[in-house]
Amino acid sequence: MLFTYKALRKDNSSVSGTIEAADRDAAMAALSHQGLHPLVVTATGAKRGFGFGKSVKTGDMVIFTRQLSTMISAGVPIARGLATLQESASSAYFREVLGKITKDIEGGTQLGDAFAKFPNVFDDVYVNMVRAGEEGGILDDILKRLAIQVEQNSSIKKKIKSAMTYPVVILSITVIAFFGIMFVLMPKISKILLDLGGPNAKLPVYTQVLIDLSNFSRKYAFILIPGTVLAAWAVRRYIQTPKGKYQFHALLLRLPIVKTIVTKVAIARFSRTFASLMSAGVGVLDSLAVTGGAIGNKVIEKELALAAAEVQNGKQLSEVIALSPHFPKIVSQMLEVGEETGTTDTVLIKVADFYEEEVANAIDSLASVIEPVMILFLGSGVGLIAASVMGPIASMSNNVGAN
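These figures come from a predicted structure and were not determined experimentally. (Residues numbered from 1 in each chain as written. Predicted model: local features only at pLDDT ≥ 70, side-chain atom pairs only at ≥ 80, totals over all residues. Heavy atoms only, no water.)

A. Here's a closer look at the overall build of the protein chain. Helices and strands together make up the secondary structure of the protein chain, namely 16 helices and 3 strands. What you see for the protein chain is a C-alpha radius of gyration of 28 Å, clearly larger than the 22 Å of a compact globule of 403 residues, by over 25%. Taken along its principal axes, the extent of the C-alpha atoms in the protein chain is 95 × 45 × 40 Å. Every one of the 403 residues in the protein chain was classed for burial, and the buried ones make up 40%. Long-range pairs, those at least 24 residues apart, make up 62% of the contacts in the protein chain with a sequence separation of at least 6. In the protein chain, the 40 positive side-chain charges and the 34 negative ones have mean positions that sit 10 Å from each other. (Helix = DSSP H or I, 4+ residues; strand = E, 2+ residues; numbered from the N terminus. Rg over C-alpha atoms; globule rule 2.2 N^0.38 Å. Buried < 20%, exposed > 50% of the residue type's maximum accessible area, 1.4 Å probe, protein only. Contact = heavy atoms within 4.5 Å. Lys, Arg positive; Asp, Glu negative; His and termini not counted. Charge placed at Lys NZ, Arg CZ, Asp CG, Glu CD.)

B. Main features of the nonpolar core. Phe64, Phe94, Ile101, Phe115 and Phe122 are the most contacted members of the largest nonpolar core, which has 70 residues in total. In this view, Phe115 contacts Phe64, Leu68, Ile101, Phe122, Tyr126, Val127 and Val130; residues no more than four positions away in its chain are not counted. (Core = buried A, V, L, I, M, F, W, Y, C linked by side-chain atoms within 4.5 Å.)

C. Representation of the pattern of salt bridges. Taken as a whole and judged by the stated rule, the model has 8 salt bridges. A salt bridge links Asp104 to Lys117, with the shortest nitrogen-to-oxygen separation between them at 3.4 Å. Of this pair, Asp104 sits in helix α4 (residues 92–106) while Lys117 is found in the loop between α5 (111–116) and α6 (124–136), placing the two residues 13 residues apart along the sequence. On the basis of relative accessible area, Lys117 is assigned to the partly exposed category, the value being 32%. (Salt bridge = Lys/Arg side-chain N within 4 Å of Asp/Glu carboxyl O.)

D. Spotlight on α4. The end-to-end C-alpha distance of α4, which contains 15 residues, comes to 21 Å, matching closely the 21 Å that a straight helix rising 1.5 Å per residue would cover. Listed as buried for α4 are Tyr93, Phe94, Val97, Leu98, Gly99, Ile101, Thr102, Asp104 and Ile105. Check the buried side of α4 and you find it contacts α2 (58–73), α3 (78–88) and α5. By the N-cap criterion, in which a side-chain oxygen at the helix start approaches the backbone nitrogen of a residue two or three places on, α4 is capped by Ser91, the distance to Tyr93 being 3.3 Å. Downstream of α4 by one or two residues, Gly108 has phi in the positive range, about 100°. (Expected span 1.5 Å × (residues − 1). Polar contact = N/O pair within 3.5 Å; in protein donor to acceptor, adjacent residues only side chain to side chain.)

E. Representation of the confidence of the model for the protein chain within the structure. Across the protein chain, pLDDT averages 81, with 92% of residues at or above 70. Note that residues 45–52 has pLDDT below 50 and, in this model, 20 contacts with residues that lie over four places away or in other chains. (pLDDT = per-residue confidence, 0-100.)

F. Just the packing of aromatic side chains, in detail. Scanning the model with the defined rule gives 11 aromatic pairs in all. Residues Phe270 and Phe327 carry aromatic rings whose centres are separated by 5.3 Å and whose planes lie at 75° to one another, so their mutual orientation is edge-to-face. Within this pair, whereas Phe270 is found in helix α11 (residues 258–279), its partner Phe327 is found in the loop between α14 (317–321) and α15 (329–341), the two being separated by 57 residues in sequence. Looking at Phe270, the relative accessible area reads 0%, which means it is buried. Given a relative accessible area of 5%, Phe327 falls into the buried group. Centroid distance Phe354 to Tyr355: 5.1 Å. Interplanar angle 85°. Geometry classified as edge-to-face. (Phe/Tyr/Trp six-rings, centres within 6.5 Å; stacked < 30°, edge-to-face > 60°.)

G. Fine view of the environment of Arg218. Within the secondary structure layout, Arg218 lies in helix α8 (residues 205–219). Not counting residues up to four positions away in its chain, the partners in contact with Arg218 are Met182, Phe183 and Pro187.

H. Molecular detail of the side chain of Arg131. Mapped onto the elements of the fold, Arg131 is located in helix α6. Other than its neighbours up to four places away in sequence, Arg131 contacts Arg24, Met28, Gly112, Asp113 and Ala116.

I. Quick look at the environment of Lys329. Summarising the element assignment, Lys329 is placed in helix α15. Of the residues examined, Lys329 reaches a relative accessible area of 52% and is grouped as exposed. Measuring from C-alpha to C-alpha, the distance between Lys329 and Phe118 comes to 38 Å, with 211 residues separating the pair along the chain. Among the polar contacts made by the side chain of Lys329, one reaches the main-chain carbonyl oxygen of Ala322 at a distance of 3.0 Å.

J. Quick look at the packing of α2 against α3. Contact geometry of α2 with α3 gives a least axis separation of 10 Å together with a crossing angle of 145°. α3 is crossed by α2, and the crossing has right-handed handedness. The residues of α3 that touch α2, namely those facing Phe64, Gln67, Leu68, Met71 and Ile72, are Ile78, Gly81, Leu82, Thr84, Leu85 and Ser88. Taken together, the residues of the contact of α2 with α3 sort by class into 7 nonpolar, 4 polar and no charged. (Axes fitted to C-alpha atoms, helices over the stretch in contact; angles between N-to-C directions. Left-handed = near helix turned anticlockwise from the far one by under 90°. Nonpolar A, V, L, I, M, F, W, Y, C, P; charged D, E, K, R; others polar.)

K. Examining helix α13 (residues 298–312) more closely. Spanning 15 residues, α13 covers 21 Å between terminal C-alpha atoms, matching the ideal 21 Å at 1.5 Å per step. With a side-chain oxygen lying 3.0 Å from the backbone nitrogen of Val299, the N-terminal cap of α13 falls on Asn297. One or two positions beyond α13, positive phi appears at Gly314, with a value near 110°.

L. Expanded view of a nonpolar patch on the surface. Together, Leu171, Val175, Phe178, Phe179, Leu213, Phe216, Tyr220, Phe222, Ile223, Leu224, Ile225 and Val229 make up an exposed nonpolar region whose accessible area comes to about 1,100 Å². Elements that contribute at least two residues to the nonpolar patch include exactly α7 (139–197), α8 and α9 (221–240). By residue number, the principal contributor to the nonpolar patch is α9, which donates 5 residues. Of note, Phe216 is situated in helix α8. (Patch = residues over 30% accessible without salt bridge, like charges linked within 9 Å, V, L, I, M, F, W, Y side chains within 5 Å. Areas by Shrake-Rupley, 256 points an atom, 1.4 Å probe, with all protein chains shown as cover.)

M. The packing of α8 against α9, seen in detail. At a minimum axis distance of 5 Å, the contact between α8 and α9 shows a crossing angle of 80°. Overall, the two elements α8 and α9 adopt an arrangement that is roughly perpendicular. Contact with α8, carried on its side by Phe216, Ser217, Arg218 and Lys219, involves Ala221, Phe222 and Leu224 of α9 and no other residues of that element. (Parallel < 35°, antiparallel > 145°, perpendicular 65-115°, else oblique.)

Right, here's the structure in full:
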């Protein structure tokens, strides 16, 4: 299998690349033998570990994390706790995963390393926080923080999906209606107009445009439909490449309304993830590397990688963040206060709470704007088609009546 990785050299300089290994553990061992300290190791290519293509619902992950934290706090051995949670898991796939992890734990594997074998269930942030909790002896507290973080991320995703549902449905209906009008309705209307006015009938410009567009669409449908599907597939594949994903994320940060939501979501994720890692005792450089991959925007992830290099050279993180065009001044100012008082994690949690509330308000505002805009768009389209059809028919009927 092929793995991509981010790691630190002995001089604390960062390095990234790909490595081939039998599994994730083997990849990490190979990197360690090369004198590197692996930060993020992710499977790429054909398979991503056990159960490729499957996942676990966010709600199940929250319940599992909270229950495991409670059991560990009560002194229940990890293997026994996992076996109990395996029996109560609602997902057959999750039960299978927990069974594998339980066997690994019974064989002496650390919990974080066992989780790392299932990257489609436990992401890098989750795994690194568990490892830090194990090393610091505060695993139960870390799991509580993880449950809160998973809930918050899920809440943001649900709000975004909810706001996008209406425009996506309307857009889908519009596309279907367009093809229905072009392929079914307009040919019949064109025949009616020709019957009424004859082949030399003078039609309004917008009516003639619709008829010509309909004729063109029907004539070249065998090219247009496959071409549209192929273009959509090509764009989607390109966006999945590193270069395409970076350009797409850069575009999102330039769109007028979207950039506000994307930026606030990124700041909220950065603040909560970085605070959780710092509170778990993870170093600043390691925390920045893991947090960058959890933000969900490649442009800001690159900024954090550059910030890590500056921090490694002796600068304060707040000083570097202040130069970023995507992080508001309040974030760097709060970070500076946290660095001075030694309460960076507490301060960033407050920043995360603030921006998560801002995201919710921005999405609600966007939804309230989208609905009337889409209604106006649909109404204009229906009005144009009605005018294009009914106007000429009424005019020609009057002319026929007068004659």
